[in-house]
Amino acid sequence: MFTKIFEPGKIGNLEVKNRLVVPPMLTEYAAEDGRLTERYIRYYEEKAKGGWGLIIAEDNAVEPRGAGFKNLPGIWSDEIMEEHKELVERVHKAGAKIAVQIYHAGREASSAVMGMRPIAPSAIQDPTQSETPVEMTTEEVKEMVEKFAQAIRRCKEAGYDAIELHGAHGYLINQFVSPFSNKRTDAYGGNLMNRLRFPLEIIARAKELVGDEFPMIYRISADEMVEGGLTIEDTKVISQVLEENGIAAIHASAGVYKSGSIVSAPTAIRTAVFSDYAKEIRKVVNIPVFAVNKIIYPHVAESILKEGKADFVAMGRASTADPQFPNKVKEGRLDEIIFCIGCRQGCQWRIAQQNPVSCLVNPLTGKEGEYEVKEAEVKKKVMVIGGGPVGMEAAIIAAKRGHDVTLYDKSNKLGGQWLLAAIPPGKELLNTFTVWQKGELDRSGVKVVLNTEVTKEFVEQVNPDEIILASGATPIIPGIPGADKSHVYTANDVLLGKVDLVDQVVVIGGGLVGAETAEHIAVHNRKTSIVEMRPEIAADMEPASKEFLMKSLKHNEVTVHVNSKVLEITDTHVIIDTEEGQQSLPASLVVLAIGSRSNNALASELGEKYNVNVIGDASVVGKALEGINLAYKTALAI
């Protein structure tokens, strides 16, 4: 089945053992002074061990002023390159090739990060940023060309196999090339070839320093997806010019900061969303083209290559979720792959908050030296109560350490409320994690007991050495007059399929659960309204995912009432108090999504007789990212 992805490939004179690429994806693992850390090196070394053909290290800034984030790697001086040599040596030893991305944020940087106002081709403020950049003089542009070229020289001397110029996503090179951001009328603006002058001069000067044989990849935004920005037709021309000037491969991404919600496409967006851009560019160039963005399954990667859309497939978040992805595919261990679910919680959302990357489905990401699963010195009888993702994670890790683990759940299936989260439109990817966890339970020897309510008396019969309580949370039923009527259900009831959907549905509560449940109902052709007390719905949702959710709600004509309080539920209406006064919403069905309350009474009942670790929503109702990470840590400590 998988023949194309494991074919050797060439980028210029660089031979790569397969077609699987780790694209540059910001981690924030570097030190604030730009030096590489052991954590940074180990993160990439782990991917090399996993069988990836080419790894491209992310966002290496050519000067401190070019750093858009606090913990970016730097390549702005010879003195800072020693750790780069170690990175290259360790990645090579593990069997992969490694390139480095050459980057300057331009107007996407900020005074908050750098302590000075950012620079750009023109004094045009990015729509997503709070500062107007300083326009670079012609002389400063020429100086910047030299900074890029010297950085490329340092990278070759450090042993990197290739470099990638970051000409995408609204950063400095992209800012020069794009009419969206470049309003100059000197030699670096005013027409296409003038706008291209900046990257072309970088390429030419770099070749003077490193020779013609050192491969240079160019990452490009094939379509900026903004008013007046570059389109795929522009990019096809630009790609041909880049090829003529010695670029060895085109890495076909898309989008800039204003359209950034799709650059790392969230769960609800279709798979391989940018692959058609690669296909279009490949029609007009003879150099390799990389496809990228939300390529999750090996079957899709194989298909893209077989169809001829691209020559290499870049799988960033897939490599973050499972560094061992290529090895598992090659060895036929597909059931063991931890698939990215596109949630963006541990990667893009944390990056935006200037925090280091983690991963919801793989707590080991970025903690490869910290979270080592060692065999326990003393083997214990461990009782895990709750078969949601948090309970399953704890059971898996405890069992891998050699403990005798039994997992109990009162329902007839594993997955808990995670199963409900996977039901709204576009959320099906969440089920891949449940399937993987169930497989890991089997592979690690966890005994699973379903349809069993665990009580104090039951615990005393089992008499475990350790208890992990991951019993989740229970929906809150508010004290609203009429909340006990027969046509009033919880969001859980709706998502579990216990309710016949009818027209005129009112969802009370506009948090993540309420908003996604309303979308689910509306997509199935039911007229839906949301009532929320706060000034916005889905306030705590990851921003890119929220953007597409809001578009879906609008498309499906969901009516949203914020700053509104429910006064009463009648047999036919929901009476609400809004800023405009009282309104009566027709309601054949009312859905409660007020929130959940931790279900942890058993911990108190067991008192001090047993060592009880309360984790997940049973401890504090929160996000799965934190819950699964805590489960991992808890199991390591037993």
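Below is a short write-up of the structure. Model, not experiment: these values are computed from the prediction.

Some points on the overall build of the chain
In terms of regular secondary structure, the chain is built from 21 helices and 27 strands. Its C-alpha radius of gyration of 27 Å places the chain within 12% of the 26 Å reference for a compact globule of 638 residues. Taken along its principal axes, the extent of the C-alpha atoms in the chain is 75 × 65 × 50 Å. Among the 638 residues that make up the chain, the fraction classed as buried is 59%.

Remarks on the environment of Ser 259
By secondary structure assignment, the location of Ser 259 is in the loop between strand S10 (249–253) and helix H8 (275–282). The class of Ser 259 is buried, set by a relative accessible area of 9%. C-alpha separation for the pair Ser 259 and Ala 544, spaced 285 residues apart in sequence, amounts to 9.8 Å. Each residue touching Ser 259, except ones within four places of it in the same chain, is listed here: Glu 224, Met 225 and Val 226.

Regarding the nonpolar core
In terms of nonpolar packing, the biggest core is built from 148 residues, with Ile 102, Phe 148, Ile 152, Leu 165 and Phe 198 touching the most fellow members. Core analysis: the second largest hydrophobic core is formed by 19 residues, Ala 491, Val 507, Ala 518 and Leu 589 among them.

Describing the sheet that holds strand S27 (residues 612–614)
With parallel pairing, the five strands of this open sheet are ordered in space as S15-S14-S13-S16-S27. Sheet topology places strand S15 (447–449) and S27 at the edges, where each strand pairs with a single neighbour. Ignoring strand direction, the axes of neighbouring strands in this sheet form an average angle of 20 degrees. One ladder, built from three bridges, connects strand S16 (residues 466–469) with S27; its direction is parallel. Along S27, the bridge assignment pairs Ile 468 with Asn 613. Here helix H13 (residues 389–400) sits on the sheet and contacts strand S13 (381–385), strand S14 (404–408) and S16; the angle it forms with S14, its principal contact strand, is near 165 degrees.

Regarding the state of the cysteines
Overall, the coordinates contain zero disulfides when judged by the stated rule. Free of any disulfide, Cys 340 has its nearest cysteine sulfur in Cys 347, 6.5 Å distant. Note on Cys 359: no disulfide assigned, nearest cysteine sulfur contributed by Cys 343 at a separation of 6.7 Å.

Description of the pattern of salt bridges
Counted by the stated rule, this structure contains 40 salt bridges. Two residues, Arg 154 and Asp 78, come together in a salt bridge whose shortest N-O distance is 2.9 Å. Of this pair, Arg 154 sits in helix H4 (residues 138–157) while Asp 78 sits in the loop between strand S4 (54–61) and helix H2 (82–93), and the two are 76 residues apart along the sequence. On the accessibility criterion, Arg 154 (12% relative accessible area) is buried. In this structure, Lys 236 and Glu 280 form a salt bridge, with 3.3 Å as the shortest nitrogen-oxygen distance. One end of the pair, Lys 236, is in helix H7 (residues 232–244); the other, Glu 280, is in helix H8, and 44 residues separate them in sequence. Among the charged side chains, a salt-bridge network with shared partners connects Glu 38, Arg 42, Glu 45, Glu 86 and Arg 90.

A word on the environment of Ala 96
With respect to the element layout, Ala 96 can be found in the loop between H2 and strand S5 (97–103). The class of Ala 96 is buried, set by a relative accessible area of 3%. Between the C-alpha atoms of Ala 96 and Val 21, which are 75 residues apart in sequence, the distance is 9.9 Å. Once residues within four sequence positions are removed from consideration, Ala 96 is found in contact with Ala 48, Trp 52, Gly 53, Ile 55 and Val 91.

Looking at the pairing of S16
Burial along S16 is two-sided: Glu 466 and Ile 468 and Ile 467 and Leu 469, pointing in opposite directions, are all buried. Of the strand pairs in this sheet, S13 and S16 are connected by four bridges, and their pairing is parallel. When the bridges of S16 are listed, Ile 385 appears paired with Leu 469.

Observations regarding the sheet that holds strand S12 (residues 312–314)
Pairing in this closed barrel of eight strands is parallel, and the strands run S3-S4-S5-S8-S9-S10-S11-S12 around the ring. Strand-to-strand twist across the sheet, computed as the mean angle between neighbouring axes with direction ignored, equals 25 degrees. As judged from the three bridges shared by strand S11 (residues 289–292) and S12, these two strands associate in the parallel manner. Note that in S12 the partner of Phe 290 across the bridge is Phe 312. Contacts between H2 and the sheet are confined to S4 and S5, with S5 contributing the most and set at about 145 degrees to the helix. Here helix H6 (residues 192–210) sits on the sheet in contact with strand S8 (162–167) and strand S9 (216–221), set at roughly 170 degrees to S9.

Considering the packing of aromatic side chains
Summed over all chains, the structure comprises 16 aromatic pairs. One aromatic cluster in this structure is built from Tyr 29, Tyr 40, Tyr 43 and Tyr 44. One residue, Arg 19, lies across the ring of Phe 312, its end atom 5.2 Å from the ring centre.

What counts, and at which threshold
Residues numbered from 1 in each chain as written. Predicted model: local features only at pLDDT ≥ 70, side-chain atom pairs only at ≥ 80, totals over all residues. Heavy atoms only, no water. Helix = DSSP H or I, 4+ residues; strand = E, 2+ residues; numbered from the N terminus. Rg over C-alpha atoms; globule rule 2.2 N^0.38 Å. Buried < 20%, exposed > 50% of the residue type's maximum accessible area, 1.4 Å probe, protein only. Contact = heavy atoms within 4.5 Å. Core = buried A, V, L, I, M, F, W, Y, C linked by side-chain atoms within 4.5 Å. Pairing = 2+ DSSP bridges. Axes fitted to C-alpha atoms, helices over the stretch in contact; angles between N-to-C directions. Disulfide = S-S within 2.5 Å. Salt bridge = Lys/Arg side-chain N within 4 Å of Asp/Glu carboxyl O. Phe/Tyr/Trp six-rings, centres within 6.5 Å; stacked < 30°, edge-to-face > 60°. Lys NZ or Arg CZ within 6 Å of the ring centre and 35° of its normal.

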